[in-house]
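Examination of the molecular architecture
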Amino acid sequence: MTRLPPETLDRLADAISFHPESEPGRVFRDALGRFATGVTIVTAEGPAGPVGMTVNSFTSVSLDPPLVLWCPARASSRHAIFAAAPAWSVHVLGAEQLDVCLRFARGGAGFAGLPPSVSDLGTPVIPGVAARFDCRAEACHAAGDHSVLLGRVAQVTIGGPDDHPLVFAAGRFGRFLPDDGTGGTG
């Protein structure tokens, strides 16, 4: 039998369990916030011009073929544009790009004032990001109050070697600590 360290036991003593369908949505959302994610902006060309949305529900699916997915809320005013788009781009933000993140959050400036640029697939491009995945739409599936948009990656662009990602956890934005040379996080 393996003994758990004391700090793990303390954490277990303070743990709560609940059924997400019987608790207020905020409790479930807070629990999900315990998982840190990267921050991305997904862009597509809409009928009225370029659109973008700040998203943290991005993940890889397959290396062969190269597939990724993300999950926009069906209640979003931009949902129909992304669900119908033949292509979209996922921009992974660097730790210093919180201002760009907020630009594409609800009520932000979006593409206003940004220089126009498009990928080979015709998707709007945000310059200076840590990485960009240009995707052809592969599938769209309804999933509760969101949709799952699956894309086949056609082109990848990677920023500089020292790019550290912007992360989101527990309702806050942050970054990784710089490496202190020991292989740890400083």
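Details of the structure are given in the entry above.
It should be emphasised that the depicted structure is a prediction, and the values quoted were computed from it without experimental measurement.

On to the environment of Leu-114, then. As for its position among the elements, Leu-114 is in the loop between helix H4 (98-103) and strand E7 (131-143). For Leu-114 and Val-125, which are 11 residues apart along the polypeptide, the C-alpha to C-alpha distance reads 9.7 Å.

Strand direction decides the pairing type here: strand E6 (residues 87-92) and E7, joined by 6 bridges, are antiparallel. Within the sheet, the bridge partner assigned to Ser-89 lies in E7 and is Asp-134. Strand direction decides the pairing type here: E7 and strand E8 (residues 146-158), joined by 12 bridges, are antiparallel. Across the sheet, residue Arg-136 finds its bridge partner in E8, namely Arg-152. Here E7 folds back onto E8, and the loop between the two strands holds 2 residues, one of which, Gly-144, carries a positive phi near 65 degrees.

All chains considered together, the criterion is met by 2 salt bridges. A salt bridge links Asp-134 to Arg-132, with the shortest nitrogen-to-oxygen separation between them at 2.8 Å. The salt bridge partner of Glu-138 is Arg-152, with a shortest N-O separation of 3.3 Å. Separated by 14 residues along the polypeptide, Glu-138 in strand E7 and Arg-152 in strand E8 bring together distant segments of the chain.

Now for the sheet that holds strand E10 (residues 172-174). Here 3 strands make up an open sheet; going across it, the order is E1-E9-E10 and the pairing antiparallel. If you trace the sheet from one side to the other, it starts and ends with strand E1 (37-38) and E10, each paired once.

Our focus in this paragraph is the nonpolar core. Of all hydrophobic cores here, the largest spans 18 residues; its most connected members are Val-42, Ala-44, Trp-70, Phe-82, Trp-88, Phe-133 and Cys-135. Residue assignment for this core shows that the elements contributing at least two residues are strand E2 (40-46), strand E3 (49-55), strand E5 (67-70), E6, E7 and E8.

Take the packing of aromatic side chains next. What describes a pair of aromatic rings is the distance from one ring centre to the other and the angle between the planes of the rings. The final tally for this structure, using the stated rule, is 5 aromatic pairs. When the ring of Phe-168 is compared with that of Phe-173, the centres are 4.9 Å apart and the planes differ by 55 degrees; the resulting orientation is tilted. Here Phe-168 falls in the partly exposed class, since its relative accessible area comes to 25%. The rings of Trp-70, Phe-82 and Trp-88 are connected pair by pair, giving a single aromatic cluster.

Quick look at unusual backbone geometry now. The omega angle of the peptide bond from Asp-64 to Pro-65 is 5 degrees, so this bond is cis rather than trans. Secondary-structure assignment places Pro-65 in the loop between strand E4 (58-62) and E5. We note that Ala-170 has phi near 50 degrees; this positive angle belongs to a residue other than glycine. In this fold, Ala-170 is placed in the loop between strand E9 (167-169) and E10.

The sheet built from 7 strands is open, its strands ordered E3-E2-E6-E7-E8-E5-E4 with antiparallel pairing. Whereas interior strands pair on both sides, the edge strands pair on one side only; in this sheet they are E3 and E4. Each strand of the sheet is rotated relative to its neighbour by a mean of 35 degrees, with strand direction disregarded. Inspection of the sheet shows E5 paired to E8 by 4 bridges, in the antiparallel sense. By the bridge assignment, Leu-69 is partnered in E8 with Leu-150.

Conventions adopted
For every chain, the first residue of the written sequence is number 1, and numbering continues from 1 onward in sequence order. Where local features are concerned, this predicted model is filtered to residues with pLDDT of at least 70; where side-chain atom pairs are given and counted, the filter is 80 or more; whole-chain, interface and lining totals use all residues. Values shown for side chains rest on all heavy atoms present in the structure; no hydrogens or waters enter the calculation. Note on conventions: DSSP H or I runs of at least 4 residues are helices, E runs of at least 2 residues are strands, and numbering of each starts at the N terminus. The rule for pairing is simple: two strands pair if DSSP sees at least two bridges between them. Salt bridge, as used here, is a side-chain nitrogen of Lys or Arg placed within 4 Å of a carboxyl oxygen of Asp or Glu. What is meant by a nonpolar core is a set of buried Ala, Val, Leu, Ile, Met, Phe, Trp, Tyr and Cys residues, joined one to another through side-chain atoms within 4.5 Å. Relative accessible area decides the class of each residue, using a 1.4 Å probe on protein chains only: under 20% of the type maximum gives buried, over 50% gives exposed, and in between gives partly exposed. Any pair of Phe, Tyr and Trp rings, taking the six-membered ring for Trp, is counted once the centres come within 6.5 Å. Such a pair is stacked with planes under 30 degrees apart, edge-to-face with planes over 60 apart, and tilted for the rest. Fitted lines through C-alpha atoms serve as axes, helices being fitted only where they are in contact, and the angles separating the N-to-C directions of these axes extend from 0 to 180 degrees.

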